Each structure stands twice: as structure tokens, then as C-alpha cells.
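So you can see what is in the structure, the chains are spelled out below.
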Amino acid sequence: MASNPSVFLVMASGQIEGGEFPEFDDLYCKYCFVYGHDWAPTAGLEEGISQITSKSMDRRQAFVWNFPLDITFKSTNPFGWPQLVLSVYGPDVFGNDVVRGYGAVHLPIAPGRHERTIPMFVPESSSRLQQFMSWLRGRRPEYTDPKVVARGEGREVTRVRSQGYIHVVFNIVTKDLRKLGYETVAASASDVHHAARSTP
């Protein structure tokens, strides 16, 4: 007789497909995961860094990374559901690597294939003088820990500006969620299309 499971598993694979940052070129992307205390990764990579890519020569001027994601989590509690945190970097006019965007998205809850478009943002200097000095020194405002993007504490005092988008595809498989009393519905093709169009 099979015993009742004490944990459930969430397996996420997919890729950071690319992004749109028309004002910039030669960008690379870093990722990491933020999750609650009851969660633990059991397989795969928690963080990674992509290759540097140039924007396409066509009208879209898109960046293509096609950078793979693959991780498995176990947990006893859905609180603190994992988030993917993204940071994009590229050179400024002086050749220094500076941040070009931060963003975060929760892993989809339902099994299946999901497409997400993640709006990115950058922190801004609080005054024109600071803005000029940071440009002069080649040091833009940035977070010391990108994981702060996925947390609420302290974010209300940060001044930010929207800048660019990143497209991510997730393939989600869950195990034993239903046995522990949690109900999820597999994503249909129409759900995926709607989710991709409705994401701000």
C-alpha cells in the first residue's frame, strides 16, 4: 500500500527566449530564483548567465538568447511559490557593464506550456545632479542583490523607470499537488495565448 506523500514537486523547464531593448545593443541576461522557506531545489540550476547577443537587424530589433531553464523544487506548502528574477546588462558609452533592466515573474501554477512577457525596469537616481554624476562616473543605480526585485520590503522607496521586455517560455510539471489537497488545472492552448497577451 502506497503511503501518503509529505511533499509535492514542481518541475520547470523552458527558456529565456529573448527581449526587446531598442535603445541598446550587446546585452546579456542573468537569472536566479527566489522562493519561500518551505521550498528547496532538488535538481537543476538556481542561477545562470547567458551569452552576449546583439539585436536583430530587422524592424523588430529583438535580442535572442534562447537560454535554457531547468529546475525542480519540493515543498510542503504553496506559500512562497518560486519566482524567476531576471537582470539584463550591457555596455554604456564608456564600455562599463551597467544594468539595463530588472524583472520578475512567478512560475506558472498549472501544468503545461506557458508563455510570459515580463516588463523590465531600472532604478533611477533621486535627483538630476545624482543622475549626471552617475553618468559621468559610468555607474548607474543598481541593486546590490537582484533578489530584492521579487520581495516587497523597501521597494516603495525606490524610484524606477520602465525599460524593455523579456519573453520566457515555461514547461511546468507538478507531482502530488492533488494528493496534498491542492487543485490545479492544466493550461490549454487558449489559456497560454491569453496569458501571453494579457501580461502587462
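Structural notes, computed from the coordinates. (Residues numbered from 1 in each chain as written. Predicted model: local features only at pLDDT ≥ 70, side-chain atom pairs only at ≥ 80, totals over all residues. Heavy atoms only, no water.)

**Side note on the overall build of the protein chain**
The test is simple: Strands are runs of DSSP state E lasting at least two residues, helices are runs of H or I lasting at least four, and both sets are numbered from the N terminus onward. Three exposure classes are used, based on accessible area relative to the maximum for each residue type with a 1.4 Å probe and protein chains only: buried under 20%, partly exposed in between, and exposed over 50%. Contacts: residue pairs with any heavy atoms within 4.5 Å of one another. The Shrake-Rupley method, run with a 1.4 Å probe, gives the accessible areas here. Residue values count only the displayed protein chains as cover.
The helix and strand tally for the protein chain stands at two helices and nine strands. Listed by position from the N terminus, the elements making up the protein chain come as β-β-β-β-β-β-β-β-α-β-α. A burial count over the protein chain gives 40% of its 200 residues as buried. Once local pairs closer than 6 in sequence are excluded, the contacts in the protein chain between residues at least 24 apart make up 75%. Looking at the protein chain as shown, the accessible area adds up to about 11600 Å², and 53% of this sits on carbon and sulfur atoms.

**Description of the side chain of Gln 83**
If you trace the backbone, Gln 83 turns up in strand β6 (residues 83–91). On the accessibility criterion, Gln 83 (14% relative accessible area) is buried. Those residues in contact with Gln 83 that sit more than four places away from it in its chain are Cys 32, Phe 33, Val 34, Ala 104, Val 105, His 106, Leu 107 and Ala 150.

**Concerning the environment of Ser 162**
Counting through the fold element by element, Ser 162 comes out in strand β9 (residues 160–175). Given a relative accessible area of 65%, Ser 162 falls into the exposed group. Separated by 39 residues in the primary sequence, Ser 162 and Pro 123 have C-alpha atoms spaced 9.1 Å apart. Residues within four places of Ser 162 in sequence aside, it is in contact with Met 120 and Phe 121.

**Thoughts on the side chain of Thr 117**
Condition: Throughout this description, a polar contact denotes any pair of N or O atoms lying within 3.5 Å of each other; where both atoms belong to protein, one of them has to be capable of donating a hydrogen while the other can accept it, and for residues adjacent in sequence the pair is counted only when both atoms sit in side chains.
Its location among the elements puts Thr 117 in strand β8 (residues 112–123). Side-chain polar atoms of Thr 117 contact the side chain of His 167, separated by 3.1 Å.

**Some thoughts on the nonpolar core**
Under the convention used in this document: Put simply, a nonpolar core is a bunch of buried Ala, Val, Leu, Ile, Met, Phe, Trp, Tyr and Cys residues held in one set by side-chain atoms that sit within 4.5 Å of each other.
Ile 16, Phe 21, Trp 65, Leu 84, Leu 86 and Ile 166 are the most contacted members of the largest nonpolar core, which totals 30 residues. Only β1 (8–20), β2 (28–34), β5 (62–75), β6, β8 and β9 provide two or more residues apiece to this core. No other element matches β5, which puts six residues into this core. When near neighbours in sequence (up to four residues on either side) are disregarded, Phe 21 contacts Leu 27, Phe 63, Trp 65, Val 88, Arg 100, Met 120, Gln 163, Gly 164, Tyr 165 and Ile 166. Within the second largest apolar cluster, 11 residues are counted, among which are Cys 32, Val 34, Phe 121 and Val 149.

**Regarding the pattern of salt bridges**
Pairing between side chains becomes possible if they bear opposite charge and their charged atoms approach one another. The line we're drawing: One speaks of a salt bridge when a side-chain nitrogen belonging to Lys or Arg is within 4 Å of a carboxyl oxygen belonging to Asp or Glu.
Taken as a whole and assessed by the stated rule, the structure comprises four salt bridges. The residue Asp 58 makes a salt bridge to Arg 60 at a minimum N-O spacing of 3.4 Å. Put simply, Lys 179 and Asp 176 hold a salt bridge, and the shortest N to O gap is 3.7 Å. Each of Lys 175, Asp 176 and Lys 179 takes part in salt bridges that share partners, so that together they form one network.

**Some thoughts on the pairing of β9**
Cut-off, in case you're wondering: In this scheme, strands are said to pair when DSSP sees at least two bridges between them.
Here β1 runs beside β9; their pairing, made up of 11 bridges, is antiparallel. From the neighbouring strand, Met 11 faces β9, where its bridge partner is Val 173. Pairing geometry for β8 and β9, over 11 bridges, is antiparallel. What sits directly across from Thr 117, in β9, is His 167.

**Some points on the packing of aromatic side chains**
Test applied: Pairing of aromatic rings covers Phe, Tyr and Trp, the last through its six-membered ring, and needs centres within 6.5 Å; plane angles under 30 degrees mean stacked, over 60 mean edge-to-face, and all others mean tilted.
Evaluation of the coordinates by the stated rule reveals 12 aromatic pairs. Relative to Trp 81, the ring of Trp 39 lies with its centre 5.1 Å away and its plane at 75 degrees, an arrangement referred to as edge-to-face. Placement of the pair is Trp 39 in the loop between β2 and β3 (40–44) and Trp 81 in the loop between β5 and β6, with a sequence separation of 42 residues. The exposure classification of Trp 39 matches that of Trp 81, with both residues buried. Chaining the aromatic ring pairs together yields one cluster made of Phe 8, Tyr 31, Phe 33, Tyr 35, Trp 39, Phe 67, Phe 73 and Trp 81.

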